[in-house]
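Structure assessment
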Amino acid sequence: MRVGVLTGGGDCPGLNAVIRAIVRKGVPEYGYSFLGFRDGWRGPLEALTKPLDIPAVRGLLPRGGTILGSSRTNPFAVPDGVERIQHNLQNLGVDALIAIGGEDTLGVATKLHEMGVNVVGVPKTIDNDLSGTDYTFGFDTAVNIATEAIDRLHTTAESHHRALIVEVMGRHAGWIALHSGMAGGANAILIPEIRFDIDQVCGWVESRFRLEYAPIIVVSEGAMPNDRDEVLQSGDKDAFGHVRLGGIGDWLAHQIEERTGKEARTTVLGHVQRGGTPTARDRWLATRFGLHAIDAVHAGSWGHMTALRGTDIELVPLSEATKELKVVDPRLYAEAEVFFG
Ligand code: F6P
């Protein structure tokens, strides 16, 4: 059997570890050959390939990014996109595809499976917002990077008696903000799931200063105050209809300065959260997902993705995983609120 592998959407530490595990098990144990597709769904759409064998995956375990490249190409937004993919897979002798991606990439995989393509999915996203799995790899690395940044910002905030705001990724889900904010001892955590009251945030800032500490506020890029929508970097949409978020941190700093008279500055962590080497936990999860994905191909479990449930890796239908986003439970947020102000 010849198996195609692609990585789509925003990159994520651990992608290379998945690719390595798929090939390292698939060649000796099942006798499969592999073909890498470049740049997400653009690969099968335009027949852009890269050889994938054991020598090609050497040294990949600690490497961030993806050797296959990634894109947000949506074949369903391209005329004849699906037909072109089916034609290219047949021409290249590819019998099955492993798609490693988030909600958009796996959404495409779900539809292709329904149209008869042999697909197995592997969930990835630093945002940890995919249903069906307890965690996605990349999330732990992002949380550790954000936590280290918060730790460092505490000391400079205190030296200068400033309020410091840390804007983290998370379009619709505040998992990175919640986990890093709790780990880093933030004085307020603002997430997309729960609208915030700017007067209350300013109250927390003032109470923190009264205690002779400098406040740190962690905010997800998709967080919204009561009376306005997300702050956008641009109104342009990608092939899946997503706008580019960014700017809520600066908006908050401005509001805090105006309302409290205290100096406020913002650090936007941006793509730093997605770059570089994965943590040990992400390498472990990514490797296990890769091993189970190739087993799923061998078993013919088309239309399924690997998922972490507790400490077990299970297979769940792609349709279940992509039907709705996994957002922060208000009960978890309430735990963090104890430390606000
Ligand atoms: O999808 C993951 C994510 O990290 C989001 O949190 C963020 O909005 C988006 O990627 C940014 O992606 P890009 O690099 O394409 O702007």
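Source: prediction; values computed, not measured.

**Concerning the pattern of salt bridges**
Applying the stated criterion to the full structure yields 10 salt bridges. For the salt bridge of R309 with E314, the shortest nitrogen-to-oxygen distance reads 3.6 Å. Judged by relative accessible area, which is 29%, R309 ranks as partly exposed. On the basis of relative accessible area, E314 is assigned to the partly exposed category, the value being 33%. A network of salt bridges, in which partner residues are shared, links R162, E263 and R265.

**Thoughts on the pairing of strand β4 (residues 96-101)**
Counting buried residues in β4 gives 6 out of 6 residues, a clear majority hidden from the surface. Burial along β4 is two-sided: A96, I98 and I100 and L97, A99 and G101, pointing in opposite directions, are all buried. With 5 bridges joining them, strand β1 (residues 2-7) and β4 adopt parallel strand pairing. When the bridges of β4 are listed, T7 appears paired with I100. As paired elements, β4 and strand β5 (residues 119-123) share 5 bridges and run parallel to each other. Its bridge partner lying in β5, I100 is registered against V122. You can see the chain leave β4, run along helix α4 (residues 103-114) and come back into β5, and the turn it takes is right-handed.

**Some points on the packing of aromatic side chains**
Under the criterion given, the structure shown has 6 aromatic pairs. Consider the rings of W204 and F340, whose centres lie 5.0 Å apart with planes at 70°: the pair is edge-to-face. Of this pair, W204 sits in helix α7 (residues 198-210) while F340 sits in the segment after α11 (330-337), and the two are 136 residues apart along the sequence. Using a relative accessible area of 17% as the deciding quantity, one classes W204 as buried.

**Examining the sheet that holds strand β8 (residues 216-220)**
In space, the 4 strands of this open sheet follow the order β7-β8-β6-β11, with parallel pairing throughout. Across the chains shown, the open sheet's two edge strands, defined by having one partner strand only, are β7 (188-190) and β11 (264-268). Averaged over all adjacent pairs, the angle separating strand axes in this sheet is 20°, with direction ignored. As paired elements, strand β6 (residues 163-168) and β8 share 5 bridges and run parallel to each other. Note that in β8 the partner of I165 across the bridge is I217. Each of β6, β7 and β8 touches helix α6 (residues 175-183); the most contacted strand, β7, lies at about 170° to it.

**Digging into the domain arrangement of the chain**
Once the domains are mapped, the chain shows domain 1 (2-137 + 278-322) and domain 2 (139-274). Its C-alpha centre places domain 1 at a distance of 32 Å from the equivalent point of domain 2. Contacts between the two partners involve 23 residues from domain 1 and, on the opposite side, 19 residues from domain 2. In this assembly, domain 1 packs against domain 2 so that about 1700 Å² is buried in total across both faces, 55% of it on carbon and sulfur atoms. If you sort the residues of domain 1 by the area they bury against domain 2, R72, I126 and D127 come out on top, with a joint share of 34%. At the junction of domain 1 and domain 2, the tally comes to 1 salt bridge.

**Remarks on the packing of helix α1 (residues 15-30) against helix α9 (residues 280-299)**
In contact at an axis separation of 7 Å, α1 and α9 are set at 40° when each is read in the N-to-C sense. Relative to α9, the element α1 lies oblique. By crossing handedness, the relation of α1 to α9 is classed as right-handed. When α1 is examined against α9, the residues A17, V18, R20, A21, I22, K25, G26 and Y30 are found in contact with a partner set consisting of R283, A286, T287, G290, L291, I294, D295 and H298. Grouping the amino acids of the contact of α1 with α9 by side-chain chemistry returns 8 nonpolar, 4 polar and 4 charged.

**Notes on the sheet that holds strand β3 (residues 49-52)**
One open sheet accounts for 7 strands, arranged β3-β2-β1-β4-β5-β12-β13; its pairing is mixed. Strand pairing shows two members of the sheet lacking a second neighbour, β3 and β13 (312-317), which therefore form its edges. The mean angle between the axes of side-by-side strands here comes to 30°, regardless of whether they run parallel or antiparallel. Pairing between β1 and strand β2 (residues 33-37): 4 bridges, direction parallel. Within β2, the position partnered with V3 by the bridge is F34. Its contacts with the sheet put α1 on β1, β2, β3, β4 and β5, and the angle it makes with β4 is roughly 155°. Against the sheet, α9 engages β1, β2, β4, β5, β12 (304-309) and β13, with an angle of about 140° to β12.

Here is what the cut-offs are and how they apply
- Chains are numbered independently. Their residues run from 1 in the order of the written sequence.
- For a predicted model such as this one, the threshold for reporting local features is a pLDDT of at least 70, and the threshold for listing and counting side-chain atom pairs is 80 or more; totals across whole chains, interfaces and linings nevertheless cover every residue.
- Neither water nor hydrogens contribute to the side-chain values; these are computed over all heavy atoms in the structure.
- Any carboxyl oxygen of Asp or Glu that lies within 4 Å of a side-chain nitrogen of Lys or Arg is treated as forming a salt bridge with it.
- Buried residues are those whose accessible area, probed at 1.4 Å on protein chains only, stays under 20% of the maximum for their type, while exposed residues exceed 50% and partly exposed ones sit between those limits.
- Strands are runs of DSSP state E lasting at least two residues, helices are runs of H or I lasting at least four, and both sets are numbered from the N terminus onward.
- Two strands are counted as paired when DSSP detects at least two bridges linking them.
- Handedness of a crossover is defined as follows: orient the strands so they point away from the viewer, and if the path from the first strand over the helix to the second runs clockwise, the crossover is right-handed.
- Aromatic contacts are taken between Phe, Tyr and Trp rings whose centres are within 6.5 Å, Trp giving its six-membered ring; a plane angle under 30 degrees counts as stacked, one over 60 as edge-to-face, and the others as tilted.
- To obtain an axis, a line is fitted to C-alpha atoms, over the contacting stretch when the element is a helix, and the angle between two such axes runs from 0 to 180 degrees between their N-to-C directions.
- Contacts between residues were defined by any pair of non-hydrogen atoms, one from each residue, lying within 4.5 Å.
- Source of the domain bounds: an automatic or database domain assignment.
- Joining two parts hides part of their accessible area as seen by a 1.4 Å probe, and the buried area is that hidden amount summed over both.
- To sort the angles, those under 35 degrees are grouped as roughly parallel, those over 145 as roughly antiparallel, those from 65 to 115 as roughly perpendicular, and the leftovers as oblique.
- For any pair of crossing helices, the crossing counts as left-handed if the nearer helix is rotated counterclockwise from the farther one by less than a right angle, and right-handed if it is rotated clockwise.
- Put simply, Ala, Val, Leu, Ile, Met, Phe, Trp, Tyr, Cys and Pro go in the nonpolar bin, Asp, Glu, Lys and Arg in the charged bin, and everything else, Gly too, in the polar bin.

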